[in-house]
Amino acid sequence: MADDDLKKYRDDSIERISTYKHNESLQEASRSFFEQIGIGKADYVYNFFWLGIPIIQIPQDVLALQEIIWGSKPDLIIETGIAWGGSLIFSASMLAILEGCGMIENAQVVGIDIDIREHTWQGLNNHPLKNKITMIQGSSIDDKIISQVKQIAAGKKRVMVCLDSNHTHDHVLAELRGYAPLVSIGCYCMVGDTIIEDAPDQMCSQRPWGKNNSPKTAVWKFLEENNNFTIDKTIDEKLLVTGSPDGYLKRTK
């Protein structure tokens, strides 16, 4: 595809996306779909795998992350929250593609979780992409672990962060304060499950987080403190169904 054709394609896409937020029937369909796929109803996010490993994500968000990684070309992706490890494998596979295309070198994914289950250790350590992944067990807001990650980041050219562990306001805000400063200009800090703030109460009734105590409220507070990031609203608007509204933070300075 010629450069002019690609530019027109992108421009057409941007113009089309700009109409979605004003399309009430489309927005209502999006809200209805999200409510039906949620935890305790369809449990939709538990149905998907990435290269053989469960990835507990809404597929639209995975596609958005693919676009972000390809466009920003990080050589380090820091992730908090591992679960089964599918997100780590996804990130590792994207970095492997960028390396294979000669765009980056010596790329690495760092995953942090307070409790890495035995099946996760085995699944990731037996995976063909295991050499691209470093797992750290412990609290993501522990100063020693943040220092350890900072040491790893010091040797990298471009850094991206994905926060998806404990979803309480205080925990996510502490993660943002600890890891967002590592993000390179033009790269992103993605905050997962900001949708908790907008979700029906019953979806989080058995959790320590919920409305007014969520990743989204942490994002809002963080942005009051830090003007180096902006919310990339175009991602929310084009995905229509996302677990991370207001959660795609782009570092601009």
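Everything below is about the structure printed above this text.
Let us look at the structure shown here. (Residues numbered from 1 in each chain as written. Predicted model: local features only at pLDDT ≥ 70, side-chain atom pairs only at ≥ 80, totals over all residues. Heavy atoms only, no water.)

**Overview of the overall build of the protein**
So, step 1. Broken down by element type, the protein carries nine helices and nine strands.
So, step 2. Its C-alpha atoms give the protein a radius of gyration of 18 Å, within 12% of the compact-globule value 18 Å for 253 residues.
So, step 3. Viewed in the frame of its principal axes, the protein has a C-alpha envelope of about 50 × 45 × 40 Å.
So, step 4. Looking at the protein residue by residue over its 253 residues, the buried ones come to 48%.
So, step 5. Partitioning the contacts of the protein with sequence separation of at least 6, the portion at a separation of at least 24 is 71%.
So, step 6. With 26 positive and 34 negative side-chain charges, the protein shows a separation of 4 Å between the mean positions of the two kinds. (Helix = DSSP H or I, 4+ residues; strand = E, 2+ residues; numbered from the N terminus. Rg over C-alpha atoms; globule rule 2.2 N^0.38 Å. Buried < 20%, exposed > 50% of the residue type's maximum accessible area, 1.4 Å probe, protein only. Contact = heavy atoms within 4.5 Å. Lys, Arg positive; Asp, Glu negative; His and termini not counted. Charge placed at Lys NZ, Arg CZ, Asp CG, Glu CD.)

**Topic: the nonpolar core**
The nonpolar side chains of soluble globular proteins are, as a tendency, buried together.
So, step 1. In terms of nonpolar packing, the biggest core is built from 31 residues, with Ile 69, Leu 95 and Tyr 248 touching the most fellow members.
So, step 2. Put simply, the parts of the chain that give this core at least two residues each are α3 (59-72), α4 (86-100), β5 (133-137), β6 (159-163), β7 (188-191) and α9 (233-239).
So, step 3. For this core, the element with the highest residue contribution is α4, accounting for seven residues.
So, step 4. Excluding anything up to four places from it in sequence, Ile 69 contacts Pro 74, Ile 77, Phe 90, Met 94, Leu 95, Leu 98 and Met 160.
So, step 5. Counting 27 residues, the second largest nonpolar core, distinct from the first, contains Leu 173, Ala 180, Leu 182 and Leu 249. (Core = buried A, V, L, I, M, F, W, Y, C linked by side-chain atoms within 4.5 Å.)

**Overview of the environment of Met 160**
So, step 1. Of note, Met 160 is situated in strand β6.
So, step 2. For Met 160, a relative accessible area of 0% gives the class buried.
So, step 3. Spatially, the C-alpha atom of Met 160 lies 29 Å from that of Lys 8, the residues being 152 residues apart in sequence.

**Remarks on unusual backbone geometry**
Glycine aside, residues mostly have negative phi, and peptide bonds are mostly found in the trans state.
So, step 1. Residue Ala 83 is not a glycine yet carries a positive backbone phi of 50 degrees.
So, step 2. Inspection of the secondary structure puts Ala 83 in the loop between β3 (76-80) and α4.
So, step 3. Residue classification places Ala 83 among the partly exposed residues on the basis of a relative accessible area of 43%.
So, step 4. Positive phi is not limited to glycine here, since Asp 246 has a value of about 65 degrees.
So, step 5. The residue Asp 246 is located in the loop between α9 and β9 (248-251) in this model.
So, step 6. With relative accessibility at 9%, the residue Asp 246 sits in the buried group.

**Describing the packing of aromatic side chains**
So, step 1. Tallied over the entire structure, the rule returns four aromatic pairs.
So, step 2. Their ring planes at 75 degrees and their centres at 5.8 Å tell us that Phe 33 and Tyr 44 sit as a pair that is edge-to-face. Placement of Phe 33 in helix α2 (residues 24-37) and of Tyr 44 in the loop between α2 and β1 (49-50) is noted, with a sequence separation of eleven residues between them.
So, step 3. Here Tyr 44 and Phe 48 contribute two aromatic rings whose centre-to-centre distance is 5.2 Å and whose plane-to-plane angle is 75 degrees, an arrangement assigned as edge-to-face.
So, step 4. An aromatic cluster of at least three residues, connected via ring pairs, comprises Phe 33, Tyr 44 and Phe 48.
So, step 5. Here the guanidinium or amino end of Lys 73 rests over the ring plane of Trp 70, the centre of that ring lying 5.3 Å away. (Phe/Tyr/Trp six-rings, centres within 6.5 Å; stacked < 30°, edge-to-face > 60°. Lys NZ or Arg CZ within 6 Å of the ring centre and 35° of its normal.)

**What to know about the sheet that holds strand β4 (residues 108-113)**
So, step 1. Pairing within the open sheet is mixed, and its seven strands lie in the order β5-β4-β3-β6-β7-β9-β8. Whereas interior strands pair on both sides, the edge strands pair on one side only; in this sheet they are β5 and β8 (229-231). Going from strand to strand, the sheet's axes swing by 20 degrees on average, the running direction of each strand aside.
So, step 2. Relative to β6, β3 runs parallel, the two being bridged by five bridges. From the neighbouring strand, Ile 78 faces β6, where its bridge partner is Val 161.
So, step 3. Across the face of the sheet, helix α8 (residues 215-225) comes into contact with β7, β8 and β9 while running at roughly 135 degrees to β8. (Pairing = 2+ DSSP bridges. Axes fitted to C-alpha atoms, helices over the stretch in contact; angles between N-to-C directions.)

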